[in-house]
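Working through the structure, step by step
Listed below, chain by chain, are the residues.
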Amino acid sequence: MTDLRAWLPRGVEAISEWMAQFGSFEQHPSLRVDDVTLDIAFGQLTDRLQDNYPFGSPRYVGQMLKPPHDVAVLGYLTAMLINPNNHALDGGPATAAMEKEVVARLAEMFALPQHLGHLTSSGTTANLEALWVARESHPGKSIAFSADAHYTHARMCQVIGVEGVPIRADARGRMDIEALEQALATGRIGTVVATLGTTGLGALDPLPEIVDLARAHGARVHVDTAYGGFFALIADDSPDGVARAPFAAISGVDSVVVDPHKHGLQPYGCGAVLFSDPGVGRFYVHDSPYTYFSSDELHLGEISLECSRAGAAAAALWLTLEVIPLTDAGLGQALRANRRGALAWHRLLDESDALTAYQAPELDIVTYFPTRPTLSEVDAASARLFVDAAALPPDKQVHLATYSVRPAALAARGHEVVADADAGRIMRSTVMKPESADAIPEIHARLEELART
Ligand SMILES: *Cc1c(COP(=O)(O)O)cnc(C)c1O
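Residues numbered from 1 in each chain as written. Predicted model: local features only at pLDDT ≥ 70, side-chain atom pairs only at ≥ 80, totals over all residues. Heavy atoms only, no water.

**Quick word on the sheet that holds strand S11 (residues 424-430)**
Heads up, the condition is: Note on pairing: DSSP must find at least two bridges between two strands before they are called paired. Runs of H or I in DSSP of at least four residues are treated as helices and runs of E of at least two as strands, each being numbered from the N terminus. An axis is simply a line fitted to the C-alpha atoms; with a helix, the fit covers only the stretch in contact. Between two such axes, the angle follows the N-to-C directions and lies from 0 to 180 degrees.
The sheet built from four strands is open, its strands ordered S8-S9-S11-S10 with antiparallel pairing. Each end of this open sheet is capped by a strand with a single partner; those strands are strand S8 (355-359) and strand S10 (401-405). When the angles between neighbouring strand axes are averaged without regard to direction, this sheet yields 40°. In terms of strand pairing, S8 meets strand S9 (residues 365-370) through four bridges, oriented antiparallel. Counted as the bridge partner of Leu 355 is Pro 370 from S9.

This is the structure:
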């Protein structure tokens, strides 16, 4: 374990030393605070922060949330003491260079032959950018995405004034290829968005087939791997890896989005978008009188929809990847542990009489529900399980999330649940911390016990 109590002062010291050469200066009286006032306010802050869920606990298996790696915190806070802005080279030459390096590593992870890309504040803004480039490349055409795609694709289509076309999902939550083919046959679709790792189920759209179909109809392909992208490191069809084919097909698409703040160990504020044709840079051309005057080199602000962005985010990711590289032996080992945890849990669910597995996990998201005869009872029991598991004593608590399903989706997966409601909640657990893998038997046993009552 990295001891932040030892490392953070080293960051503060290094930056103070560097600053000292520019001469000492006194903080303006208007900005001075006394320690007593700060002590009280800080006490309130740390108290209030306890109104939270223990995202770092192995028994937090709910939403896609976990604290950043200590190394990311160290990189972020150290760079933040300078507070560079990666909008332009003038804003922070060092972190702008780091950003280009980490983006190149992401491109390598996806085996993109060439790329133009940058970090973003989030997956949503990264996808917005890709959809905007899609619109500029294929003006007047629609954008197709799976009905199970992230909800922001429909919203961003609205923002950029493009028709969004939802494509039916199949019995495993993947884009239905026949439905896509029908939509493409209309000639209306300019871009297909494929998701590798849907936010709900972690399902992998059949990318090789999608790429072939889209190309046959002259459409672009954008891949949203905000959640699943880093699984490319272990996409080898091995027992604790994930399916190879969908990830291998990324190298042939037009754009891809991945969120280092999901599986890349980073704090929030770190997404990324990469384009395989650097020529799309032409869509960003703009001129502003107050930026870009330090050199003729490409400024990240020239290829980004956003203006100010934290250089600290690039520093954090850069430092993290120096010590936990984007390889199977590096970050891949953590992802394999997540995967083993998810698969072990799925096996336990398959044997359980109290809980039923909803579908097999393709990544590390496990879905299941208390075994009940009707959908309204499944819904009520799920809601109760969610509350009861979190209400156990702190050292036993299990934190979960729910996911809403329709009767047709249950039936498609062969579940005989009486459809007495339009929709109902089931459980959705993200096993995104390698530490959770060992806790799965304990978590499962506790949930089984609660589900029986
Ligand atoms: C999380 C997620 C997004 C949105 O990303 P943010 O970083 O939360 O804005 C988009 N697509 C998928 C598949 C996601 O999992």
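Resuming the write-up.
**Some remarks on the site of the ligand**
The following threshold applies: Proximity criterion: a residue is near a molecule or strand once any of its heavy atoms comes within 4 Å of it. In protein, a polar contact requires one atom able to donate a hydrogen and another able to accept it; more generally it is a pair of N or O atoms within 3.5 Å, and residues adjacent in sequence count only if both atoms are side-chain atoms. To be clear on the numbers: accessible area is Shrake-Rupley with a 1.4 Å probe, and residue cover counts the displayed protein chains and nothing else.
Around the ligand, the structure places 14 residues, and the nearest of them are Thr 124, Asp 224, Asp 259, His 261 and Lys 262. One nitrogen or oxygen atom from the side chain of Thr 199 is found 2.9 Å from an oxygen atom belonging to the ligand. Compared with its free state, where it exposes 380 Å², the ligand has 88% of that area covered by protein. Those elements that place two or more of their residues in the shell around the ligand are helix H5 (123-137) and helix H10 (260-263).

**Things to note about the domain arrangement of the protein**
To be explicit about the condition: The domain boundaries here were taken from an automatic or database domain assignment. By definition in these notes, contact holds between two residues if any of their heavy atoms fall within 4.5 Å. A simple way to read buried area is as the amount of 1.4 Å-probe accessible surface that goes missing from two parts once joined, with both sides added. The working definition used for a salt bridge is a side-chain nitrogen of Lys or Arg within 4 Å of a carboxyl oxygen of Asp or Glu. Residues are grouped as follows: Ala, Val, Leu, Ile, Met, Phe, Trp, Tyr, Cys and Pro are nonpolar; Asp, Glu, Lys and Arg are charged; every other residue, Gly included, is polar.
Partitioning the protein into domains gives domain 1 (78-323) and domain 2 (331-451). At the interface, 30 residues of domain 1 touch 21 residues of domain 2. Both sides of the domain 1 and domain 2 interface together cover about 2,200 Å² of buried area, and 60% of this is carbon and sulfur. Interface area lost by domain 1 to domain 2 is led by Leu 201, Tyr 227 and Asp 240, which between them contribute 28%. If you look at where domain 1 meets domain 2, you find three salt bridges. The salt bridge involving Asp 240 is made with Arg 336; its shortest N-O contact spans 2.8 Å. Linking domain 1 with domain 2 are twelve residue pairs in polar contact (both at pLDDT 80 or more). Looking at side-chain class alone, the side of domain 1 that touches domain 2 contains 13 nonpolar, ten polar and seven charged residues.

**Re the packing of aromatic side chains**
Stated formally: For Phe, Tyr and Trp, where Trp contributes only its six-membered ring, two rings pair if their centres lie within 6.5 Å, and the inter-plane angle classes them as stacked under 30 degrees, edge-to-face over 60, or tilted in between. Note on classification: 1.4 Å probe, protein chains only; a residue is buried when its accessible area is under 20% of the maximum for its type, exposed when over 50%, partly exposed between these limits.
Under the definition given, this model contains four aromatic pairs. Taking the centre distance of 6.4 Å and the plane angle of 50° together, the rings of Tyr 53 and Phe 55 count as tilted. Judged by centre distance (5.2 Å) and plane angle (40°), the rings of Trp 345 and Tyr 368 are tilted. Of this pair, Trp 345 sits in helix H12 (residues 331-351) while Tyr 368 sits in strand S9, placing them 23 residues apart in sequence. Tyr 368 matches Trp 345 in its accessibility class, with the two residues each being buried.

**A few points about helix H1 (residues 4-20)**
Our working rule: Expected span, for any helix, means 1.5 Å times one less than how many residues it has. Think of the arc as the fan of directions from the helix axis to the C-beta atoms.
Taking 1.5 Å as the rise per residue, H1 with 17 residues should run 24 Å; its terminal C-alpha atoms sit 24 Å apart, in good agreement. Among all positions of H1, only Leu 4, Gly 11 and Ile 15 are buried. Projection of H1 onto a plane perpendicular to its axis shows the buried side chains occupying an angular sector of 25°, all on one side. Of the exposed residues in H1, those oriented more than 90 degrees away from the buried face are Arg 5, Arg 10 and Glu 17. Those residues of H1 hidden inside the fold are in contact with helix H3 (70-80). One side-chain oxygen at the N-terminal end of H1 lies 3.0 Å from the backbone nitrogen of Arg 5; it belongs to Asp 3.

**Comments concerning unusual backbone geometry**
Phi angles above zero are rare outside glycine, and Asn 83 is one such case at about 65°. Residue placement: Asn 83 occurs in the loop between H3 and helix H4 (93-109).

**Brief notes about the sheet that holds strand S2 (residues 142-146)**
Strand order in this open sheet of seven strands is S1-S7-S6-S5-S4-S2-S3, and the pairing throughout is mixed. At either margin of the open sheet sits one strand with a lone partner, and together these are strand S1 (116-120) and strand S3 (164-167). Strand-to-strand twist of the sheet, defined as the mean angle between neighbouring strand axes without regard to direction, takes the value 20°. Bridge count between strand S5 (residues 220-225) and strand S6 (residues 255-258): four bridges; the pairing is parallel. Residue pairing for S6: Asp 224 is matched across the bridge by Val 257.

**Some points on the nonpolar core**
Defined as follows: Residues belong to a common nonpolar core when they are buried Ala, Val, Leu, Ile, Met, Phe, Trp, Tyr or Cys residues joined through side-chain atoms within 4.5 Å.
Counting 57 residues, the largest nonpolar core has Leu 180, Val 192, Leu 207 and Phe 247 as its most contacted members. Shared between two domains, this core takes at least three residues from each, and those domains are domain 1 (78-323) and domain 2 (331-451). Ignoring sequence-local partners within four residues, the contact set of Val 192 consists of Ala 144, Met 175, Leu 180, Leu 184, Ile 210, Ala 214, Ala 219, Arg 220, Val 221 and His 222.

**Some details on the pairing of S9**
The buried fraction of S9 amounts to six of the six residues, a majority that puts the element mostly inside the structure. Here S9 shows no split at all, with Ile 365, Thr 367 and Phe 369 on one side and Val 366, Tyr 368 and Pro 370 on the other all buried. Where S9 lies against S11, four bridges are found, and the strand directions are antiparallel. By the bridge assignment, Thr 367 is partnered in S11 with Arg 428.

**A closer look at the environment of Ser 142**
Tracing the sequence through the fold places Ser 142 in strand S2. Its relative accessible area of 4% is what places Ser 142 among the buried residues. Between the C-alpha atom of Ser 142 and that of Glu 306, which follows or precedes it by 164 residues, the distance is 24 Å. When sequence neighbours within four positions are dropped, the list of residues in contact with Ser 142 reads Val 162, Glu 163, Val 165, Arg 188, Ile 189, Gly 190 and Thr 191.

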